[in-house]
2 protein chains.
Amino acid sequence: MLKLSKKADYGLMALQHIASNQYGDVAQARVVNTKEIAEEYHIPVELLAKVLQTLSKSGIIESHNGPKGGYLLGKNPREITIAHVLESLEGPLGIMDCSHEKDGDACMQREHCNIRTPLLKIQSSIYQLLNNMTLQDMMGGTPLITIQSVATEQQGVER
Amino acid sequence: MLKLSKKADYGLMALQHIASNQYGDVAQARVVNTKEIAEEYHIPVELLAKVLQTLSKSGIIESHNGPKGGYLLGKNPREITIAHVLESLEGPLGIMDCSHEKDGDACMQREHCNIRTPLLKIQSSIYQLLNNMTLQDMMGGTPLITIQSVATEQQGVER
DNA sequence: ATGGTCTCCGATCAAAACAGTCGTATAAAA
DNA sequence: TTTTATACGACTGTTTTGATCGGAGACCAT
C-alpha cells in the first residue's frame, strides 16, 4: 500500500545523481545527460527522459539543449523538497478522493462521511514529513530528518 | 499521489460505523450487517462485503452468520490501529518495491540504488504515524493524534 | 425437524491507471 | 552543415483496481 510510482523512484534517483555531480566531491559543476543516468541505474531511457522533462517544467532542474547538454539542478539541494518532487511527478498529495475537491463535488459519501476529518489529519502529517525532507538530506551520509524535527518544525522552529 | 484504495476507504467507514453502534450512545451492542452499511454510505454492497470478509479474516471484526447476523468488532477500538486495517486490506506498507524484499531479488537498480535508505526512513515514519492512530481516535469528537504525540511516542512515552 | 430466508464467502469479469515504447521535431555546439 | 542532445506527442501492452455474479452455509420461525 501507498507505493510510489516508478516515475517517482526514477525521478528521485536521477535527482540524487545530478546533485552529486553538481555539489559532490568534484568541485566543478558537471552537466549530466539522460542517457548517462539511465545506464547507471538500468532504467529505460525514454521513460526517464519524460520524468526529467516534467521536473524541468517544475523548475526543479533546468535543461541544456544540444551537444554537451543535459540537466542541472534548478535550485540548491536544500530548497528541493521531496514533497515538491513527488507532487511534480505524481500530482498533488491526496490519500483520498475528496482531499482537494470543492463543495458540491461528486463524492456520494460526502454528507455521511465519517472518516474525512481524521484522514485529512493523517494526510497533513505525511505532507509535513515529505515537505521537511530535502534533496540535501538524501545525499551523502547526512543524517536524515527525524520525527522530532518534524514536530519542532510544526511549532515554527527553523531548521 | 499516495492515494488510498476504495477498499481502504470503505473499510474505514464501515469500521467507524460498526464501532459507533457497538460502543456509541446506545449502550446495547448492536450487530450491523453489510446491507445496512452499504445503504448508509452509498457504496456497492458486494464490494463492501468483500472488504468486511477480509477484515474478518484479520480478526479486526468478527462475523455472525444467519438472519439477524452481521458484524461486530473483534477487539477494543483502542487496539485497532489504522496501520493494521490498511495492511489487512491493501497489503504491507511499502512505498517502494524493494521495501520488504530479501537480498538477491529482482531489483535491477538495487546495487546502485542511492535512495533506498532515505526512503525507508520516510516509510518508517509513516508507519509510526498510522500505527499510533486507532479506531478510537477516529470516533466521536475525540481529539486526534498529533505530530507531537507521535514524536513523544517514538521516545517511548505512553499515550 | 425442516423449510425458507438471510447472511457470508469464493471465483469471475470489466474498466482504468500505469509502465514502457516509438517516431519526429527542435535546438545548440562543433 | 553535420552531429548530438533534449522536447514532445501518440501509441501499446500490462498490471492493478473496482465492481459483479452465483453458490454455500447458518440461523430462525413454523
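Structure: above.
Everything quoted here is computed from the prediction, not taken from an experiment.

So, on to the overall build of chain A. Broken down by element type, chain A carries seven helices and two strands. For chain A, with 159 residues in total, the buried portion stands at 48%. Counting every atom, chain A has about 8000 Å² of accessible surface; 50% of that belongs to carbon and sulfur.

Looking at DNA strand C, there are 21 residues lining it, with Lys6 of chain A together with Asn33, Thr34, Gln53 and Tyr71 of chain B nearest. Here a phosphate oxygen of DNA strand C and a backbone polar atom of Lys6 of chain A are 2.6 Å apart. Within the contact set of DNA strand C, a phosphate oxygen lies 2.8 Å away from a side-chain nitrogen or oxygen of Thr34 of chain B. Elements with a minimum of two residues in the surface near DNA strand C: α1 (6–23) and α3 (45–57) of chain A together with α3 (45–57) and β2 (70–73) of chain B. Of the residues contributing to the surface near DNA strand C, the split by class is six nonpolar, 10 polar and five charged.

Our next topic: the relation of the copies chain B and chain A. The two copies are related by a screw operation: chain B maps onto chain A through 180° of rotation and 0.0 Å of translation along the axis, at an RMSD of 0.1 Å. The relationship between the two copies is best expressed as a two-fold rotation axis. Residues of chain B ranked by C-alpha distance from the rotation axis are headed by Leu2 of chain B, positioned 2.5 Å from it.

For the coordinates displayed, the defined rule picks out four cavities of 30 Å³ or more. Reported here for the second largest cavity is a volume of approximately 50 Å³. In this structure, the second largest cavity is lined by Leu2, Ile95, Leu119, Ile122 and Ile126 of chain A together with Leu4, Ile82, Leu86 and Leu130 of chain B. Of all the secondary structure elements, the ones that give two or more residues to the lining of the second largest cavity are α5 (116–131) of chain A together with α4 (82–90) of chain B. Per-element tally for the lining of the second largest cavity: the top contributor is α5 of chain A, with three residues. Tallied by class, residues from the lining of the second largest cavity come to nine nonpolar, no polar and no charged.

Before going further, it helps to examine the protein's contact with DNA strand D. In the vicinity of DNA strand D there are 23 residues, among which Asn33, Thr34, Ser63 and Tyr71 of chain A together with Lys6 of chain B approach most closely. Taking all atoms of DNA strand D within 4 Å of the protein, the share assigned to sugar and phosphate is 66%. Between DNA strand D and the protein, one listed contact pairs a phosphate oxygen with a backbone N or O atom of Lys6 of chain B at 2.7 Å. At the level of elements, α3, β1 (61–64) and β2 (70–73) of chain A together with α1 (6–23) and α3 of chain B are the ones that each hand at least two residues to the surface near DNA strand D.

The subject of this paragraph is the interface of chain B and chain A. The partner chain A presents 51 residues to the 51 residues of chain B that form the contact. Across the interface of chain B and chain A, roughly 4900 Å² is buried in total on both sides, 67% from carbon and sulfur atoms. Its salt-bridge partner being Asp97 of chain A, residue Lys3 of chain B comes within 3.2 Å of it at the nearest N-O pair. Across the contact surface, chain B and chain A share 14 residue pairs in polar contact (both at pLDDT 80 or more). Mapped onto the side of chain B that touches chain A, the elements with two or more residues apiece are α1, α2 (34–41), α4, α5 (116–131) and α7 (147–154) of chain B. Counting residues per element, the side of chain B that touches chain A draws most heavily on α5 of chain B, at 10 residues.

Here we come to the pairing of β2 of chain B. All names here are of chain B. With four bridges joining them, strand β1 (residues 61–64) and β2 adopt antiparallel strand pairing. From the neighbouring strand, Ser63 faces β2, where its bridge partner is Tyr71. Two successive antiparallel strands, β1 and β2, enclose a turn made up of five residues, where Gly66 displays a positive phi of approximately 80°.

Analysis parameters
- In every chain, residue numbers begin from 1 and rise along the written sequence.
- Think of it this way: whatever chain is written first is A, whatever ligand is written first is 1, and the rest follow in order.
- Only residues with pLDDT of at least 70 are given local features in this predicted model, and only at 80 or more are side-chain atom pairs given and counted; all residues enter the totals for whole chains, interfaces and linings.
- Hydrogens are left out, water is left out, and the side-chain values use all remaining heavy atoms of the structure.
- A helix here means a DSSP run of H or I that spans at least four residues, while a strand means a run of E at least two residues long, and both kinds are numbered starting from the N terminus.
- With a 1.4 Å probe rolled over the protein chains alone, any residue whose accessible area is under 20% of its type maximum counts as buried; one over 50% counts as exposed, and the rest are partly exposed.
- Method for areas: the Shrake-Rupley scheme with a 1.4 Å probe, in which residue coverage is limited to the protein chains shown.
- We call a residue near a molecule or strand whenever a single non-hydrogen atom of that residue lies within 4 Å of it.
- Counted as a polar contact is a pair of N or O atoms within 3.5 Å, where, for protein atoms, one must be capable of donating a hydrogen and the other of accepting one, and residues adjacent in sequence contribute only when both atoms are in side chains.
- For this classification, Asp, Glu, Lys and Arg are treated as charged, while Ala, Val, Leu, Ile, Met, Phe, Trp, Tyr, Cys and Pro are nonpolar and the rest, including Gly, are polar.
- Copies overlap after least-squares fitting; the atoms used are the C-alpha atoms of residues with pLDDT of at least 70 in both.
- For each structure, a 1 Å grid was placed over the protein atoms alone; sets of points admitting a 1.4 Å probe that cannot get out are labelled cavities, open sets with protein on both sides within 12 Å along at least five of seven lines are labelled pockets, and lining residues have an atom within 4 Å of a point.
- Grid points are joined across faces, edges and corners, and a volume is the space filled by probe spheres set on the points.
- Contacts were defined at the residue level, with two residues in contact if any of their heavy atoms lie within 4.5 Å.
- Defined here as a combined quantity, buried area equals the accessible surface (1.4 Å probe) lost by two parts on assembly, summed across both.
- What makes a salt bridge here is a side-chain nitrogen of Lys or Arg within 4 Å of a carboxyl oxygen of Asp or Glu, nothing more.
- Any two strands are treated as partners once DSSP identifies two or more bridges connecting them.

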